[in-house]
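Coordinate analysis (summary)
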Amino acid sequence: MILILDFGSQYSQLIARKVRSFSVYSQIVPFNTSLAEIRKLRPRGIILSGGPASVAAKGSPKVRRELLDMGVPILGICYGMQLLVHLLGGKVRPQAHSEFGRANMKVIKADPLLAGFPRRDVVWMSHNDAAVRLPGEWQTLASTEGCAQVIASHRSRPFYGLQFHPEVHHTPHGGQILKNFVLNVC
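Described below are features of the structure shown in this document. (Residues numbered from 1 in each chain as written. Predicted model: local features only at pLDDT ≥ 70, side-chain atom pairs only at ≥ 80, totals over all residues. Heavy atoms only, no water.)

All right, on to the overall build of the protein chain then. Per the secondary structure count, the protein chain includes 4 helices and 9 strands. Each helix (α) and strand (β) of the protein chain, taken in turn from the N terminus, gives the series β-α-β-α-β-β-α-β-β-β-β-β-α. On C-alpha atoms alone, the protein chain measures out to a radius of gyration of 15 Å, which is about the 16 Å that the 2.2 N^0.38 rule sets for 186 residues. For the protein chain, the residues scored as buried account for 55% of the 186 residues in total. Of the roughly 8500 Å² of accessible surface on the protein chain, a fraction of 48% belongs to carbon and sulfur atoms. (Helix = DSSP H or I, 4+ residues; strand = E, 2+ residues; numbered from the N terminus. Rg over C-alpha atoms; globule rule 2.2 N^0.38 Å. Buried < 20%, exposed > 50% of the residue type's maximum accessible area, 1.4 Å probe, protein only. Areas by Shrake-Rupley, 256 points an atom, 1.4 Å probe, with all protein chains shown as cover.)

Okay, the pattern of salt bridges next. It is possible for side chains bearing opposite charge to pair when their charged atoms get close. Scanning the entire structure with this criterion turns up 4 salt bridges. A salt bridge links arginine 64 to glutamate 66, with the shortest nitrogen-to-oxygen separation between them at 3.2 Å. Exposure remark for arginine 64: the relative accessible area of 53% places this residue in the exposed category. Arginine 157 is the partner of aspartate 69 in a salt bridge, and the nearest nitrogen-oxygen pair spans 3.3 Å. Pair noted here: aspartate 69 is in the loop between strand S3 (45–48) and strand S4 (74–77) and arginine 157 is in the loop between strand S8 (151–154) and strand S9 (159–162), with a separation of 88 residues, a long-range link. (Salt bridge = Lys/Arg side-chain N within 4 Å of Asp/Glu carboxyl O.)

Okay, the nonpolar core next. Grouped together as the largest cluster of nonpolar side chains are 33 residues, with contacts concentrated most on Ile47, Met105, Ile151 and Phe164. For this core, the secondary structure elements donating two or more residues are strand S1 (2–6), helix H1 (12–20), S4, strand S5 (91–107), strand S6 (120–133), strand S7 (138–144), S9 and helix H4 (174–185). Counting residues per element, this core draws most heavily on H4, which supplies 5 residues. Core analysis: the second largest hydrophobic core is formed by 28 residues, Val29, Val72, Tyr79 and Leu134 among them. (Core = buried A, V, L, I, M, F, W, Y, C linked by side-chain atoms within 4.5 Å.)

A separate point is the pairing of S7. For S7, a buried count of 7 out of 7 residues is recorded, marking the element as mostly surrounded by other parts of the structure. Sheet topology places S7 next to S8; 4 bridges connect them, and they run antiparallel. Across the sheet, residue threonine 140 finds its bridge partner in S8, namely alanine 152. The hairpin turn running from S7 into S8, its antiparallel successor, is 6 residues long. (Pairing = 2+ DSSP bridges.)

This next bit is on the layout of surface pockets. Considered as a void within the structure, the largest pocket measures approximately 240 Å³ in volume. Around the largest pocket sit 17 residues that line it, and Gly51, Pro52, Cys78, Ser126 and His127 are the ones nearest its centre. Of all the secondary-structure elements, those providing two or more residues to the lining of the largest pocket are helix H3 (79–87) and S6. Of the residues forming the lining of the largest pocket, the biggest block, 4 residues, is contributed by S6. Taken together, the residues of the lining of the largest pocket sort by class into 5 nonpolar, 11 polar and 1 charged. (1 Å grid on protein atoms, 1.4 Å probe; cavity = no way out; pocket = protein on both sides within 12 Å on 5 of 7 lines; lining within 4 Å. Points joined across faces, edges and corners; volume = space filled by probe spheres on them. Nonpolar A, V, L, I, M, F, W, Y, C, P; charged D, E, K, R; others polar.)

Now the structure itself:
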């Protein structure tokens, strides 16, 4: 089962539908679901959805840091990526220019998450903030002209971040990344 923690994304249902299209059960729960309840659900992987907030804003939705110590692979999408970066000591800031719409992405480092994904592709962006400094154990896998960290991963833990939205049809090959994450953990 893949658990999707919803941070107010307009796309959470699309994420769940895409995961289910790989014949894997997914469940959407609010971001503030207790760790005890998450443990009881026994997810094989967790997806942190996007959302309209800024991780640096007072009162923005967060998860408890202990979620990261459950030993479960985590994929952060948009706000979810920013939250992972923030919780692990990286820097997230508002960008000079918000990105909304298509962007040309270039893969700069191979990774199993990107198996079957083209080296260059069009992705769908919808964000004001972005990671400007990754935590020490993270590496950049792909970037666009406007965003240096479009795909990033932890070097030793199964944590991934996507600044774009792989679940929407505007990102033609985004489903491949979701599929790789889901099938590698299930």
